[in-house]
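Summary of the model geometry
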Amino acid sequence: MLEYDIAEYSQINPDLYRRELRKLQAEFLKLQRWVIQEKKKIAIVFEGRDTAGKTGSISVLSKYLIPEHVRLVKLGIPTKRESQHWFSRYEKHMPNVGEIVFFDRSWYTRALTEITMNYCSERQYKYFMKNVLSWEKEFSKENIEIIKIYLSVKKDIQKKRFEKRKNSPLIFWKFSENDLKVADRWDAFTFYKNQMFATTSSEKSPWVVINANTKMVASLNSLRYILEKFEYPEKNIPKPKKWSKGMNIYNLKINGVKFENLSYDQFKVLSSFSDE
């Protein structure tokens, strides 16, 4: 398991974020063209607690990719048969030649939410933990590259995001009472998360933990990590810039109200309430 965090991104504001994101998205398109031309296969797993920003990050990363060569896999509640044949549930969704596939939650749901909420048995959980790396190794023989990203969010940030969802006329549907049930088992989830990191990280496919307390930063770090893993033609990842804390160059919106010319310290305090 490794933590990936570009320190310079901690001072970024929405305007600078958009400029940096555009450069990295252009690089990702270069990477995708290489995947298509060289017949590569890449599976990118996003895991994390509710509100960590998995769906949003995938949306940002995939926005300008060629649609015919990228897929999103976001499976619902498993059937009884799928629960009993867990690995088979995901095998059919792995990438084909020249394809990038994003998993918005993945087979690792068994190691996190399923065992935390008793949706699977202890026997099923142990079988999964014992066999998952050998199962992934079989895909590496088929030249499928698996990238495993875990978006980490603090408890108080998750609580604020739940409140925002509940009270929003646009995204209230994202919130469910079951979200709170999982959140109530925070410590149990943490225990199983740490077990997952300890048992299912490998040299070829480690867990990459990215701080997701600020969604903009999480998206940039996720994108940059993926780009750095591969060598593709005309690769030119921009070096992170050092943005000044002393300048009043930060802007954001809270409930539609725009706050402009903020200092970095002001922006940092208000950013958790931002509409971004």
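Okay, so let's go over this structure. Please read all numbers here as calculations on a predicted model, not as lab measurements. Going along each chain's sequence as written, the residues are numbered from 1 onward. pLDDT decides what is reported in this predicted model: residues at 70 or higher carry local features, side-chain atom pairs at 80 or more are listed and counted, and totals for whole chains, interfaces and linings draw on all residues regardless. Note: side-chain values were computed over all heavy atoms of the structure, leaving out hydrogens and water.

**Let's talk about unusual backbone geometry**
Not every positive phi belongs to a glycine, and Asn118 is a case in point at roughly 60 degrees. Numbering of helices and strands runs from the N terminus; a helix is a DSSP stretch of H or I covering at least four residues, while a strand is a stretch of E covering at least two. For Asn118, the location among the structural elements is in the loop between α5 (113–116) and α6 (122–141). Even without being a glycine, Glu234 presents a positive backbone phi close to 60 degrees. Along the polypeptide, Glu234 turns up in the loop between α10 (215–229) and β7 (250–254).

**So, the environment of Leu270**
Mapped onto the fold, Leu270 is located in helix α11 (residues 264–270). Sequence separation between Leu270 and Leu31 is 239 residues; the distance between their C-alpha atoms is 35 Å. When checking whether two residues touch, look at their non-hydrogen atoms; a contact exists if any pair is within 4.5 Å. Here Leu270 is in contact with Leu252, Ile254 and Leu262, once residues within four sequence places are set aside.

**Looking at α10**
To estimate how far a helix should reach, multiply one less than its number of residues by 1.5 Å. For α10, built from 15 residues, the straight-helix expectation of 21 Å at 1.5 Å per residue is met to within 8% by its first-to-last C-alpha distance of 22 Å. Think of it in three bands: with a 1.4 Å probe and only protein chains considered, a residue is buried below 20% of the maximum accessible area for its type, exposed above 50%, and partly exposed in between. Taken across its 15 residues, α10 has twelve buried, putting it largely inside the fold. Among all positions in α10, only Met216, Val217, Ala218, Ser219, Leu220, Asn221, Ser222, Leu223, Arg224, Tyr225, Ile226 and Leu227 are buried.

**Let's talk about the pattern of salt bridges**
Each salt bridge in this description consists of a side-chain nitrogen of Lys or Arg and a carboxyl oxygen of Asp or Glu lying within 4 Å of one another. One pass over the full model with this rule turns up 13 salt bridges. The residue Glu163 makes a salt bridge to Lys166 at a minimum N-O spacing of 3.3 Å. Note that Glu163 and Lys166 are positioned in helix α7 (residues 155–167) at a spacing of three residues, about one turn of the helix.

**Notes on helix α9 (residues 186–200)**
Its 15 residues give α9 an end-to-end C-alpha distance of 21 Å, which sits within 8% of 21 Å, the value for a rise of 1.5 Å per residue. For α9, the set of buried residues is Trp186, Phe189, Tyr192, Lys193, Met196, Phe197 and Thr200. Looking down the long axis of α9, one finds its buried residues gathered within 145 degrees of arc, a one-sided arrangement. Residues of α9 that are exposed and angled more than 90 degrees away from the buried face: Asp187 and Ala198. Note that the arc is computed from the directions linking the helix axis to the C-beta atoms.

**Points about the packing of helix α2 (residues 54–62) against α10**
Contact geometry of α2 with α10 gives a least axis separation of 9 Å together with a crossing angle of 55 degrees. Considering the angle they form, α2 stands oblique to α10. Seen along the crossing, α2 lies across α10 with a hand that is right-handed. Seen from α2, the contacting residues are Ser57, Val60 and Leu61; seen from α10, they are Ser219, Ser222, Leu223 and Ile226. When its residues are assigned to classes, the contact of α2 with α10 shows four nonpolar, three polar and no charged. Between N-to-C directions, angles cover 0 to 180 degrees, with each direction set by a line fitted to C-alpha atoms, over the stretch in contact for helices. For classification purposes, an angle smaller than 35 degrees is called roughly parallel, one larger than 145 roughly antiparallel, one from 65 to 115 roughly perpendicular, and anything else oblique. Crossing handedness is read from the near helix: turned anticlockwise from the far helix by less than a right angle, it gives a left-handed crossing, and turned clockwise, a right-handed one. Gly counts as polar in this scheme, as do all residues outside two lists: the nonpolar Ala, Val, Leu, Ile, Met, Phe, Trp, Tyr, Cys and Pro, and the charged Asp, Glu, Lys and Arg.

**Focus on the environment of Val257**
By the secondary structure assignment, Val257 is in strand β8 (residues 257–262). With 78 residues separating them along the chain, Val257 and Asp179 place their C-alpha atoms 29 Å apart.

**A short note on the sheet that holds strand β4 (residues 99–104)**
Two strands are counted as paired when DSSP detects at least two bridges linking them. If you walk across this open sheet you meet the six strands as β1-β6-β5-β2-β4-β3, and the pairing is parallel. The two strands at the open ends of the sheet, each matched to only one other strand, are β1 (2–3) and β3 (70–73). Seen against the sheet, α2 touches β2 (41–48), β3, β4 and β5 (144–152) and runs at an angle of roughly 160 degrees to β4. Taken strand by strand, α9 contacts β5 and β6 (207–211), and its axis lies near 150 degrees from that of β5.

**Topic: the environment of Val35**
Following the sequence through the fold, Val35 ends up in helix α1 (residues 14–37). Here the alpha-carbon distance between Val35 and Ser201, two residues 166 residues apart in the chain, equals 24 Å. Other than its neighbours up to four places away in sequence, Val35 contacts Lys40, Ile42, Gly98, Glu99 and Ile100.

Keep in mind these values describe shape, not function.
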